[in-house]
Amino acid sequence: MLTKKSNGVAGRPRLTKALAGVVGGSMDRRTFLKRSGVTAGGIALASALPAGMVKQAKAATAAAGDIKQIKSVCTHCSVGCTVIAEVSNGAWVGQEPGFDSPINLGAHCAKGASVRHLAHGDRRLKYPMKLEGGKWKKISWDDAINEIGDKMLDIRKTSGPDSVYWLGSAKFGNEQAYLFRKFYAFWGSNNGDHQARICHSTTVAGVANTWGYGAMTNSYNDMHNSKAMFLIGSNPAEAHPVAVQHILKQKNKTMLPSLCVIRALRGQQRTLTSLYSFVQVQMLR
């Protein structure tokens, strides 16, 4: 999770925090070795750096010139995170998360942080490419449309209209979904479906039979009003970085007394659960 809360200076350096933990309070052997190793490494690193290289960290200043901020929505998934686009002379030059957004709470996931590169990335596909002789060759839009159309008509003539499967996209807007449905209807087939038929087939089979609804059964508001959370086979710190922000929001608001995770992965999720209570459950054979 990439989070930028303010331009201020950190209230307490990490090294100072580590030293404070070593000085006071009891600890086990593992904790002592871990903290003493961090402290020794930090001191060694600081002593190896020239004095002029150790400076106060400051937030980068905004680009100079007439910068216009445009509020938009991230296009990567259906969560609906707010993206603030920074535009200069008609060019998208930077972005920030929506700090007042009730959804992403001033943060970006890794995909959201790179959404600008969908339009300005060096690897973005800007024209049709055709694979010939093992190499990609640039062709014109007219040639691409004609070749694809001729091939599709040949398939329809040879095998019939039901030989083509039309798969919609989760990124379609209302108008795009309407036109897509009309397109394969005029094609003469009803073989149309949504891509969620594949990615949600497991939830339909499992969650629908368990809870009666084949998709998400909880809202963010449920997280905000929970006194305990029990996660089974889930790792929201990595798989759902926006949702985990709402878990942390509830923790900061009410000191969430219990967050139990079964089979937590070693990493951010386990670090998160160690703040409350970590439950390791093993299957009995």
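Quick look at the structure, then. Source: prediction; values computed, not measured.

Broken down by element type, the chain carries 12 helices and 11 strands. For the chain, the residues scored as buried account for 22% of the 285 residues in total. Counting contacts in the chain only where the partners sit at least 6 residues apart, residues at least 24 apart contribute 46% of the total. Of the roughly 21200 Å² that the chain leaves accessible, carbon and sulfur atoms contribute 57%.

Read across the open sheet, the 3 strands follow the order β2-β3-β4; overall the sheet is antiparallel. Strand pairing shows two members of the sheet lacking a second neighbour, β2 (68–73) and β4 (91–97), which therefore form its edges. Neighbour-to-neighbour, the strand axes of this sheet turn through a mean angle of 30°, independent of strand direction. Of the pairings in the sheet, the one linking β2 to strand β3 (residues 82–88) comprises 6 bridges and is antiparallel in character. Bridged to Lys 68 within β3 is Val 87.

Further remarks concern the pairing of strand β6 (residues 129–132). Pairing analysis gives 4 bridges linking β6 to strand β7 (residues 135–138), with the strands arranged antiparallel. Residue pairing across strands places Lys 130 opposite Lys 137, the latter belonging to β7. Counted along the chain from β6 to the antiparallel partner β7, the turn is 2 residues long, and its residue Gly 133 has a positive phi close to 60°.

With 14 residues, helix α6 (residues 174–187) should cover 20 Å at 1.5 Å per step; its first-to-last C-alpha distance of 20 Å lies within 8% of that length. If you check which residues of α6 are buried, you get Phe 180, Tyr 184 and Trp 187. Buried residues of α6, seen end-on, are gathered within an arc of 50° and therefore sit on one face of the element. Set apart from the buried face of α6 by more than 90 degrees, the exposed residues are Asn 174, Glu 175, Tyr 178, Leu 179 and Phe 186. In the core, the buried residues of α6 are packed alongside α5 (141–159), β8 (166–168) and β9 (192–194). Positive phi shows up at Gly 188, right after α6, with a value of about 105°.

On to the pattern of salt bridges, then. With the rule as written, the count across this model stands at 4 salt bridges. Put simply, Glu 132 and Lys 130 hold a salt bridge, and the shortest N to O gap is 3.4 Å. Relative accessible area serves as the criterion here: at 35%, Glu 132 is assigned to the partly exposed category. Of the charged contacts, one joins Lys 130 and Glu 147 as a salt bridge, the two residues approaching to 2.9 Å between their closest N and O atoms. One end of the pair, Lys 130, is in strand β6; the other, Glu 147, is in helix α5, and 17 residues separate them in sequence. The exposure class assigned to Lys 130 is partly exposed, which follows from its relative accessible area of 26%. On the basis of relative accessible area, Glu 147 is assigned to the partly exposed category, the value being 38%.

In this fold, Val 207 is placed in helix α8 (residues 201–211). Considered as a pair, Val 207 and Thr 217 are 10 residues apart in the sequence and their alpha carbons are 8.8 Å apart. Residue contacts for Val 207: discarding those within four places in its chain leaves Thr 202, Gly 212, Tyr 213, Ala 215 and Thr 217.

The rules behind these values
- Residues numbered from 1 in each chain as written.
- Predicted model: local features only at pLDDT ≥ 70, side-chain atom pairs only at ≥ 80, totals over all residues.
- Heavy atoms only, no water.
- Helix = DSSP H or I, 4+ residues; strand = E, 2+ residues; numbered from the N terminus.
- Buried < 20%, exposed > 50% of the residue type's maximum accessible area, 1.4 Å probe, protein only.
- Contact = heavy atoms within 4.5 Å.
- Areas by Shrake-Rupley, 256 points an atom, 1.4 Å probe, with all protein chains shown as cover.
- Pairing = 2+ DSSP bridges.
- Axes fitted to C-alpha atoms, helices over the stretch in contact; angles between N-to-C directions.
- Expected span 1.5 Å × (residues − 1).
- Arc of directions from axis to C-beta.
- Salt bridge = Lys/Arg side-chain N within 4 Å of Asp/Glu carboxyl O.

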